[in-house]
Amino acid sequence: MSTEPHGTDLLIRELCRAMLDEVATSDSGIQRLRVTGLGRHFAIPAEDADRLTHADGPEVTSYVSHIEAEWEPPWLADTDRTWEPLHRCLLTGPTPLRYAILGGHSLTDDSDYLTRLVPPGQVSLTADALAEVEEGWLWGKFSDLGLRGDFHWAREGLTEVRELFTLATKARRAVLFTATV
């Protein structure tokens, strides 16, 4: 049995790392932490993913710094700050959708980076699940969760993530998610 956190527990742990101490109050008076890190997905070669799973923190940080400076589409998808509301929506769907944003496993405990790695086999299952997500379903989840913000950007982020997971599946790549703080 895995001790790796998942679902809401994972979201809470990772968001706590990624957010400032500020609390923003919405119009409804509900206090919510504000996401400050910009999210990015990278389709990386399986060999790199294997190496990273056994690497220490500085090696992972060095790799992340390199790909953030060098990677370009089609192997990169930017979700900016929409990664958090997208993750919250996708958590309510079928299990493979949970891997799209904060899935896989954490590579470091570095306070400057959230790093989550989804191995190639899980990338394929996630790509299949993402292909089934329709705009109406996403809008319903967005509304049900009382998410504030621009749905247009969340929809665009989902499209980019879907395309990246599909491409990564075809190329048998892993997907690395990072959010800088």
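Scroll up to find the structure.
Report on the accompanying structure. Within any chain, residue numbers begin from 1 and follow the written order of that chain's sequence. Thresholds applied to this predicted model are a pLDDT of at least 70 for local features of residues and 80 or more for the giving and counting of side-chain atom pairs; totals over whole chains, interfaces and linings are not thresholded and use all residues. Each side-chain value is derived from all of the structure's non-hydrogen atoms; neither hydrogens nor water enter the calculation.

## Concerning the nonpolar core
Alright, step 1. In these notes, a set of buried Ala, Val, Leu, Ile, Met, Phe, Trp, Tyr and Cys residues joined through side-chain atoms within 4.5 Å is what counts as a nonpolar core. Only protein chains enter the accessibility calculation, which uses a 1.4 Å probe; a residue whose area is less than 20% of its type maximum is buried, one above 50% is exposed, and one in between is partly exposed. W83, L90, I101, L130, L158 and F165 are the most contacted members of the largest nonpolar core, which totals 30 residues.
Alright, step 2. Under the DSSP-based scheme used, a helix requires at least four consecutive residues in state H or I and a strand at least two consecutive residues in state E, with every element numbered from the N terminus. Contributions of two or more residues to this core are made by α4 (83-91), β6 (113-118), α5 (120-131), α6 (135-144), α7 (151-170) and β7 (174-180).
Alright, step 3. In terms of residue count, the dominant contributor to this core is α7 (seven residues).
Alright, step 4. Whether two residues are in contact is decided by their heavy atoms: any pair within 4.5 Å suffices. When near neighbours in sequence (up to four residues on either side) are disregarded, L158 contacts L86, L90, L130, V133 and L138.
Alright, step 5. Formed by 16 residues, the second largest nonpolar core is a distinct cluster that contains A49, I67, L76 and A174.

## Observations regarding the sheet that holds strand β4 (residues 76-80)
Alright, step 1. Two strands qualify as a pair provided that DSSP identifies no fewer than 2 bridges between them. Pairing within the open sheet is antiparallel, and its five strands lie in the order β4-β3-β7-β6-β5. Either end of the sheet is taken by a strand with one partner, and the two such strands are β4 and β5 (105-106).
Alright, step 2. Both β6 and β7 contribute to a ladder of six bridges, which runs antiparallel. Paired with R116 across the strands is F177, a residue of β7.

## Here we look at the pairing of β6
Alright, step 1. Along β6, six of the six residues are buried, which leaves the element largely enclosed by surrounding structure.
Alright, step 2. Residues Y113, T115 and L117 of β6 are buried on one face, and the alternating residues L114, R116 and V118, pointing to the opposite face, are buried as well.
Alright, step 3. By the bridge criterion, two bridges tie β5 to β6 in an arrangement that is antiparallel. Note that in β6 the partner of S106 across the bridge is R116.

## Comments concerning the packing of aromatic side chains
Alright, step 1. The rule is short: rings of Phe, Tyr and Trp, with Trp giving its six-membered ring, pair when the centres are within 6.5 Å, and they are stacked under 30 degrees, edge-to-face over 60, tilted in between. In total, this model carries four aromatic pairs according to the counting rule given.
Alright, step 2. Taking 4.9 Å as the distance between ring centres and 75° as the angle between the ring planes, the aromatic pair formed by W139 and F151 counts as edge-to-face. Of the two residues, W139 sits in helix α6 while F151 sits in helix α7, which places them 12 residues apart along the sequence.
Alright, step 3. The class of W139 is partly exposed, set by a relative accessible area of 46%.
Alright, step 4. For F151, a relative accessible area of 11% corresponds to the buried category.

## Quick notes on the pattern of salt bridges
Alright, step 1. The salt bridge criterion pairs a side-chain nitrogen of Lys or Arg with a carboxyl oxygen of Asp or Glu, the two atoms within 4 Å. Applying the stated criterion across every chain, the model contains five salt bridges.
Alright, step 2. For the salt bridge of D78 with R40, the shortest nitrogen-to-oxygen distance reads 2.6 Å. Of this pair, D78 sits in strand β4 while R40 sits in strand β3 (residues 38-44), placing them 38 residues apart in sequence.
Alright, step 3. Classification of D78 as partly exposed rests on a relative accessible area of 29%.
Alright, step 4. E59 serves as the salt-bridge partner of R51, at 3.4 Å between the closest nitrogen and oxygen.
Alright, step 5. Exposure remark for R51: the relative accessible area of 39% places this residue in the partly exposed category.
Alright, step 6. Look at the salt bridges and you will find they share partners, linking D48, R51 and E59 into a network.

## Observations concerning the environment of D78
Alright, step 1. For the pair formed by D78 and G39, sequence separation is 39 residues and the distance between their alpha carbons is 6.2 Å.
Alright, step 2. With sequence-adjacent residues up to four places away left out, D78 is seen in contact with G39, R40 and E160.
Alright, step 3. We define a polar contact as two N or O atoms separated by no more than 3.5 Å, with the added condition that, inside protein, one atom must be a possible hydrogen donor and the other a possible acceptor, whereas residues neighbouring each other in sequence contribute only through side-chain atom pairs. A polar contact is formed between the side chain of D78 and the side chain of R40, at a distance of 2.6 Å.

## Quick word on the packing of α6 against α7
Alright, step 1. Geometry is summarised by axes, namely lines fitted to C-alpha atoms with helices restricted to the contacting stretch, and by angles between N-to-C directions that run from 0 to 180 degrees. Where α6 contacts α7, the axes come no closer than 11 Å and their chain directions differ by 130°. One way to sum up the angle between α6 and α7 is to call them oblique. Crossing angle aside, the handedness with which α6 passes α7 is right-handed. Across from E135, L138, W139 and F142 in α6, the residues of α7 making contact are F151, A154, R155 and L158.
Alright, step 2. The residue makeup of the contact of α6 with α7, split by class, is six nonpolar, no polar and two charged. By definition in this entry, angles of less than 35 degrees are roughly parallel, angles greater than 145 are roughly antiparallel, angles of 65 to 115 are roughly perpendicular, and the rest are oblique. Helix crossings get a hand from a simple test, with the near helix turned counterclockwise from the far one by less than a right angle marking a left-handed crossing and a clockwise turn marking a right-handed one. Residues are sorted three ways: Asp, Glu, Lys and Arg are charged, Ala, Val, Leu, Ile, Met, Phe, Trp, Tyr, Cys and Pro are nonpolar, and all the rest, Gly among them, are polar.

Geometric descriptors of this kind do not, in isolation, establish any biological role.
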